[in-house]
Structures are given as structure tokens and as C-alpha cells.
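Observations on the model geometry
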Protein chains: 2
Amino acid sequence: MNVRIKKFREELSNEKLDGFIVYNPVNIRYLTGLEAEGILILSKYDNIYITDSRYIEEVRNKITIEDEIIVQDIKQVTDEDLINLLYDCERIGFEEKYITYSNYRNMIMKFRIKEAIEGNDILDKLREVKNKKEVEYIETACNITDSCFLYLQDFIKVGMTEKEIAFEIQKFFIENNADGVAFDSIVASGANTSMPHAVPTDKEIEYGDPILIDFGAKYKGYCADMTRMLFVGEIKDKYKEIYNIVLEAHDKALEKMKNGADTKAISNYVINEFKMYSYELIHALGHGVGLDVHEKPFFSPKNSYILKNNMVVTDEPGIYIPGEFGVRIEDTILINNSQPELLTKSNKNIMII
Amino acid sequence: MNVRIKKFREELSNEKLDGFIVYNPVNIRYLTGLEAEGILILSKYDNIYITDSRYIEEVRNKITIEDEIIVQDIKQVTDEDLINLLYDCERIGFEEKYITYSNYRNMIMKFRIKEAIEGNDILDKLREVKNKKEVEYIETACNITDSCFLYLQDFIKVGMTEKEIAFEIQKFFIENNADGVAFDSIVASGANTSMPHAVPTDKEIEYGDPILIDFGAKYKGYCADMTRMLFVGEIKDKYKEIYNIVLEAHDKALEKMKNGADTKAISNYVINEFKMYSYELIHALGHGVGLDVHEKPFFSPKNSYILKNNMVVTDEPGIYIPGEFGVRIEDTILINNSQPELLTKSNKNIMII
């Protein structure tokens, strides 16, 4: 059987679940490699993937006998069939963080589910620790992102708009063998840097502007996530000071990102560092990266996650002064024994272009 | 008060709802013009938008006194405040087709909701019929899409990959004042045309290939949706025959798309036309277009929707021969009394490049 489904089934058995219905296409991709639209049903003994006529041809071409996945066309599946699939199951897991309320209601009815159990955690946890291939894909995504940043240092000129730069990032990724962007790039200049989630505008780059670029390539479905600053022509002393506070926090947090460390403690450490300078960390310090650009584990003062080897996470402290200026410095990192490994390797010194 | 919120409140009152919680950012954009992340709460008398520190600055800049929307930073909102917001409400509407099961559970708890009522239909219906401004935006998106198709007829050459063409579409849109693509473009060539939802591959365009391009620009949030075929060098007689069957079905369905017509009847008409030639319509004949590229009304043999003036919909019959060849021809259309108006105007004759 497909190795990941096998491992998933072991976890289901640990949780005393008799089956699971997977709707989230990212989880289906993780478990099966398929990129179509459909539902994966794990009944007591069978793995069934139900798709429709738009995808059936692609899917049948991709699934091998070793996968042990039965592929069915929704048109050939009766209401009766769906009920029979899980007739001998009591506790069925589902993805409470993906499925809409309306689909939840339909699912219960269609499959006549006796006990629907929230099971998102099981899949989230399976995906937290990456295997060698996954780390390779993320590394490649990070390398492409680094190359793009080098390219941008030459490319960006006074008079260009934020939108133009964002588009150039996308173009670079596609021309350099990535699937595309892992998420909509943030390119913010001047006072726009003070908005952590700024959307690129038609504002032109001016002399003296700080530029914040938060971007990442996607490669074979896996994401990179990096933020760097560039300063056009010069940097104000005040900005330099803030930049260095953020960089120091970034580096100190990085040192702590080790197998066994608690994400909550690392977050609180940075929050307290910032407080000493009377600044505030207004967003999470970091998050896991994989098939989703934001996935478990998360770094926040609210929840603890224990870091494990081969998790891939970000380290992204930031300070924002409303209406004026903001700094964020972010890397994608592989947790690797006592020595966290930077997967994004771009220069973090103050860069004046 | 903001006009759309006022209209929405009238509908709530018709449905005997005391309030509504809007989570879907597309609905929030429709109602308020805001593009941030947050929740819009309509209590008995107030409209409250709760966002976080990442967006608060942008949002406060955008909302005017006339909007009558109270903007709050989630950090300043206590658990007690949330409970008090809806304390005097019994029936609260929510978006059952957007909210996840997990957020549904949180919502009920956080707001102490007495009766949660599925209210997606109310918002879907408000959005079905477009106003003048919305039609203008969709028209602009369609014009940009048409210009792009003209451009592609020159641009596409033997040896180019499907991916390269898809990228060029995106580039064209951004360079021509669109927000970007309304959805991931489908560029399928040769046998790939037989998969209705083909993802662009590294396959190179060859002499004799049919090419199917399903694409659309987005302009100020509004979508265009069009599918056209191109034939490289020549077209086989068999393909010509199928093309003409699809084109005829497209044109006949178009004639029927009038104020008061039933989408189910129009779908069934095309299904029967195809049956006469022993072909099958394996996907929906069309769908509404607006802030989402797929929205109400839908054209399928399952559900009836009655067309109204100023709805914007697609007409997209298709025939697919697995592993060999497929044709789809699609326009975006404005329902306009007895004369449906093509918003996408590109040539639909067989085009050989």
C-alpha cells in the first residue's frame, strides 16, 4: 500500500477511528500524489478515491496497483454505494478545519455517519515532520527564492512600482523552474512597509525608500517563505536602529530553534526582547512550511508546539511603526539537531541599492 | 449607511434574522469594499468590523463615517464584548458554505449564539444581479481577455510549451491594467484538450495540434471567463465536425439566455442536442460570474435558477473524447431583456494559426 496512507492508517487505529474522509486537496496530494478534485475515503479495508469525469482519465493514468487505491467515477457511484462504503464503521474522522459547515452536513447524511470525529490534527501532525524528498523540494524552492532576491537587487530601480516588482518575482519563479509563487508576494515601499500584509500598489519606488519584500517560490507543491529589506540610496539612523533590533531578535530566536524546544517559549523570548525597546511583536514569530505556506507548528504566545528534527519553520520577527516604517526579516529553517539550518540563505546585512 | 449593507439588512429582516456574521472575505468586500482579513458582524443596530493589527491602519483609512461601520482591533475586544454584541439576538445568520466546521463551532461558543441560521443564499442572491458599476468592471475584464486572445494568435508558435503560453496570459493581464488572472488559465494542446480541467504542462505545441485556452482577467475584483480553440496549421475533418456541433449548441443556448428563462431547461436542451450526435455534456453548461469566477446562478440538469436582467453568466458547452480531443467554446454574457449581450467578443469561427 502507498506508504503515507499506511502510516495514516496506523494513526487512525491509534485514535480508534474506523475510517476517514479526506476532502482537502492538499491532504489528498500529500497522501496520494493526486492533484485532481475528489474525495479520498478510507473505509475499514479499502482506500477509495472518487472523482468526476473531468479528472478520471488523469487519475487512472497516475495511480498504480501498488498504491491500493480504488478509483471511481462519481457518476458510477449510487447513493446506496456511499452508504455501504462505511456501513461497518462507527467512528469516522474528518477535517474539521477544511470542510465547510454545509459539506459537513452533507457528509453526515450521504455516508450515514454514526460518529463524526474531528481528525484534522492527525493529518497536520503527519505533515509536520518532513521526509528527505520533501526537504529537498523545500530547499529547491528556497534556492530559487534566494536567486530571485539576488536578481531583484539589480533589477529594482527608482520609478518602478511595487506591482511591477511583484510581477517580476512571479516571472522569475516561473522562468526558473518553480511551479510559481507560494503565496502572493508582498512588496511594500516607504510608509507602506508599516503594514505587515501590504498588497503591492502602484506607488513608485523613491530615493530614500525602505522596501520590504516577503516572497517565496513553490516547487513540486512545496513552499519557501522569506522576507528581506532593501534601502534605496540611504538609510535613516532610526531605521538602522530598528533594523538591528529585529535582526538581533531573528538571530537569537534562530539559535533557540532546536529539536525539543517549545515554540511558545521562543515567541515569548522575542516578545520580551522587543518590550525592552518599547516595541511590540504584532504577529506570530513563525510557522511551519510545507505543502501549505502556513502549517503546523506555529510560534505564538498562545500555544506550545515542541520542535522536532526535520520540521521546516520560519523565523520572522518584525517591528512596525504605523504610517511610517516597518521591518521584517524572515528565513525558512530546517530543524536539525542542535544546529538549525537556514534553507533561505540570502544576505541579511543592511543592503543599500 | 453603506447602501449594500442597508439592502442586506432588509433581506435579513425579511428572513426574520436578528443579525449576521460574515466571514467570507469576498462577501465582506462586496458589502464594504474592504480587502483585509476580519469579520463583519451585523448586530441588531450596529455594523462592526473586527480586524487585527496587521490591517487596522488600512481599514481605518478606507471606512468613512457614511459607511456606519464601527472598526475594532481584535486586541481591544474581550470575550465579554463578543458575547454582548449579539446578546439581544435570537436568530443569527452565517455562511454555511464558507465557514469551516471548526470555525462554526468556535462562532457558536464565542458569540453565545442561540440559533444559527444558514444564510449563504441571502448573500448569494444579493450578488446575482449586478449593478452598473459591476457590469462595467466585468466588461473591462472581458475586454482585456479579448485583447489577450488577439495577442495570443500572433504569439503562439510551434515549440512553445503550454506553461509558457499560460504565463504569457498572466503577463499580458498584468501589463494591461488587470488585477491578474481570474483563475489559473487552462492551456491544453493535442490530446490534453480532452481533459476539461487540464493543468498546463511542459508539452510543446506541435503542427496539427488543437489548442484549448480557458482564461479570464480580473479587474477591480471582478472576473471574466472565456474559452477559445486554436488549430495549428490544419484541422482534421472529425475535429471540425465536433467543433461545429459545440458551436451550434453554444449559439442556440445563448439565444435562450433571457430574462425569465430557466437554467435547468437550457442545460437539458444542450444535453439533448449532444445526445442526438451520441455525445455527452460532462460538465455544467454555465455559471454566474462576478467577484467569484463561479457563483450563482448555475446551469445544470439538477437545479433551476430563473435568469434575470443584469445577471452575468457563462455559456460553455463542451465535447471531450478521452485521450484524443476536446472542444469547449465559452463566453461571458450579460442577461439583458430578450437580447443576451456577449461581454467576451472574440471570434468563434474555426481559427487556424
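Parameters and conventions
Residues numbered from 1 in each chain as written. Chains lettered and ligands numbered in written order. Predicted model: local features only at pLDDT ≥ 70, side-chain atom pairs only at ≥ 80, totals over all residues. Heavy atoms only, no water. Least-squares fit on C-alpha atoms with pLDDT ≥ 70 in both. Contact = heavy atoms within 4.5 Å. Buried area = accessible area lost by both parts, 1.4 Å probe. Polar contact = N/O pair within 3.5 Å; in protein donor to acceptor, adjacent residues only side chain to side chain. Helix = DSSP H or I, 4+ residues; strand = E, 2+ residues; numbered from the N terminus. Nonpolar A, V, L, I, M, F, W, Y, C, P; charged D, E, K, R; others polar. Buried < 20%, exposed > 50% of the residue type's maximum accessible area, 1.4 Å probe, protein only. Pairing = 2+ DSSP bridges. Axes fitted to C-alpha atoms, helices over the stretch in contact; angles between N-to-C directions. Parallel < 35°, antiparallel > 145°, perpendicular 65-115°, else oblique. Left-handed = near helix turned anticlockwise from the far one by under 90°. Salt bridge = Lys/Arg side-chain N within 4 Å of Asp/Glu carboxyl O. Phe/Tyr/Trp six-rings, centres within 6.5 Å; stacked < 30°, edge-to-face > 60°. 1 Å grid on protein atoms, 1.4 Å probe; cavity = no way out; pocket = protein on both sides within 12 Å on 5 of 7 lines; lining within 4 Å. Points joined across faces, edges and corners; volume = space filled by probe spheres on them. Domains from an automatic or database assignment.

1. Some thoughts on the relation of the copies chain A and chain B
Take chain A, turn it by 180°, move it 0.0 Å along the axis, and it overlays chain B with an RMSD of 0.0 Å. The symmetry that links the two subunits is that of a two-fold axis. Both copies share a contact surface, since 100% of the interface residues of chain A are interface residues in chain B too.

2. Observations regarding the interface of chain A and chain B
How large an interface is tends to be reported as the accessible area lost when its parts come together. Counting from both sides, the interface comprises 31 residues of chain A and, opposite them, 31 residues of chain B. Summed over both partners, the interface of chain A with chain B comes to about 2800 Å²; 59% of that surface belongs to carbon and sulfur atoms. Among the residues chain A hides against chain B, the three largest losses belong to Arg54, Tyr101 and Phe167 of chain A. Together they make up 24% of the total. At the junction of chain A and chain B, the tally comes to 17 residue pairs in polar contact (both at pLDDT 80 or more). At the level of elements, α3 (56–62), α5 (101–110) and α8 (162–175) of chain A are the ones that each hand at least two residues to the side of chain A that touches chain B. Ranked by residue count, the leading element in the side of chain A that touches chain B is α8 of chain A, at five residues. Taken together, the residues of the side of chain A that touches chain B sort by class into twelve nonpolar, eight polar and eleven charged.

3. Details of the pairing of strand β8 (residues 186–189) of chain A
Residue and element names in this part refer to chain A. Neither face of β8 is open: one carries Ile186 and Ala188, the other Val187 and Ser189, and all of them are buried. In the sheet, β8 pairs with strand β9 (residues 210–215) via four bridges, with the strands oriented antiparallel. Bridge pairing in β9 places Ala188 opposite Leu212.

4. A short note on the packing of helix α1 (residues 3–14) of chain A against helix α6 (residues 120–128) of chain A
Residues and elements named next belong to chain A. Contact geometry for α1 and α6: axes closest at 11 Å, N-to-C directions at 135°. Judged by the inter-axis angle, α1 sits oblique to α6. Relative to α6, α1 is oriented so that their crossing is right-handed. Here Lys7, Phe8, Glu11 and Leu12 of α1 lie close against α6, whose contacting residues are Ile122, Leu123 and Leu126. Residues belonging to the contact of α1 with α6 are distributed by class as follows: five nonpolar, no polar and two charged.

5. Concerning the pattern of salt bridges
On inspection of all chains with the given rule, the structure shows 44 salt bridges over all chains. As a salt-bridge pair, Glu118 of chain A and Arg105 of chain B come within 2.6 Å of each other at their nearest N and O atoms. Of this pair, Glu118 of chain A sits in strand β6 (residues 115–118) while Arg105 of chain B is found in helix α5 (residues 101–110), placing the two residues in two different chains. Taking the relative accessible area as the measure of exposure, Glu118 of chain A reaches 32% and is therefore partly exposed. Across the pair Lys133 of chain B and Glu136 of chain B runs a salt bridge, and its minimum N-O distance is 3.8 Å.

6. Focus: the packing of aromatic side chains
For the structure on display, the rule yields 29 aromatic pairs over all chains. When the ring of Phe149 of chain A is compared with that of Phe215 of chain A, the centres are 6.5 Å apart and the planes differ by 45°; the resulting orientation is tilted. One end of the pair, Phe149 of chain A, is in helix α7 (residues 132–155); the other, Phe215 of chain A, is in strand β9, with 66 residues separating them in the sequence. Accessibility assignment for this pair places Phe149 of chain A and Phe215 of chain A in one class, buried. Here a set of aromatic residues connected by ring pairs shows up, and it is made of Phe94, Tyr101 and Tyr104 of chain A together with Phe94, Tyr101 and Tyr104 of chain B.

7. Considerations on the layout of surface pockets
All names here are of chain B. Estimated volume of the second largest pocket: approximately 370 Å³. What lines the second largest pocket is a set of 16 residues, and nearest its centre among them are Lys7, Glu11, Tyr30, Lys125 and Leu126. Among the elements of the structure, α1 (3–14) and α6 (120–128) are those that each provide at least two residues to the lining of the second largest pocket. Among the elements that take part in the lining of the second largest pocket, α6 stands out by supplying five residues, more than any other. Class assignment for the residues of the lining of the second largest pocket results in five nonpolar, two polar and nine charged.

8. Notes on the side chain of Arg228 of chain A
Residues and elements named next belong to chain A. Structurally, the position occupied by Arg228 is in strand β12 (residues 226–231). Judged by relative accessible area, which is 1%, Arg228 ranks as buried. Side-chain polar atoms of Arg228 contact the side chain of Asp331, separated by 2.7 Å. Side-chain polar atoms of Arg228 contact the backbone oxygen of Ser346, separated by 2.8 Å. Contact partners of Arg228, with chain neighbours within four places excluded, come to Phe149, Ile211, Leu212, Ile213, Ile329, Glu330, Asp331, Thr344, Lys345, Ser346, Asn347 and Lys348.

9. Thoughts on the domain arrangement of chain A
Residue and element names in this part refer to chain A. Each domain of chain A was delimited in the assignment, giving domain 1 (3–127) and domain 2 (132–342). One C-alpha centre belongs to domain 1, the other to domain 2, and the line joining them spans 35 Å. Of the residues lining the interface, eight residues belong to domain 1; the matching set on domain 2 comes to eight residues. Across the interface of domain 1 and domain 2, roughly 680 Å² is buried in total on both sides, 42% from carbon and sulfur atoms. Of all residues in domain 1, Val26, Arg29 and Arg127 bury the most surface against domain 2, accounting for 57% of the area lost on that side.

10. Description of the sheet that holds β12 of chain A
Residue and element names in this part refer to chain A. Within the open sheet, the three strands sit side by side as β8-β9-β12. Their pairing is antiparallel. A strand with exactly one partner marks an edge of an open sheet, and here the two such strands are β8 and β12. Strand-to-strand, the axes of this sheet are offset by a mean angle of 10°, without reference to chain direction. Across the sheet, α7 touches β9 and β12, and the angle it forms with β12 is around 10°. Sheet strands touched by α8: β8 and β9. Its angle to β8, the strand with the most contacts, is close to 150°.

11. Structural notes on the environment of Glu255 of chain A
Residue and element names in this part refer to chain A. With respect to the helices and strands, Glu255 occurs in helix α9 (residues 237–256). On the accessibility criterion, Glu255 (54% relative accessible area) is exposed. Measuring from C-alpha to C-alpha, the distance between Glu255 and Asn2 comes to 37 Å, with 253 residues separating the pair along the chain.

12. Some thoughts on the packing of helix α2 (residues 25–32) of chain B against α6 of chain B
The angle between the axes and the distance between the axes are what describe a pair of packed helices. Residue and element names in this part refer to chain B. In the contact formed by α2 and α6, the axes pass within 11 Å of each other and the chain directions differ by 55°. Relative to α6, α2 is oriented oblique. Crossing of α2 against α6: the hand is left-handed. Contacts from Val26, Asn27, Tyr30 and Leu31 in α2 reach Leu123, Leu126 and Arg127 in α6. Along the lines of polarity and charge, the residues of the contact of α2 with α6 split into five nonpolar, one polar and one charged.

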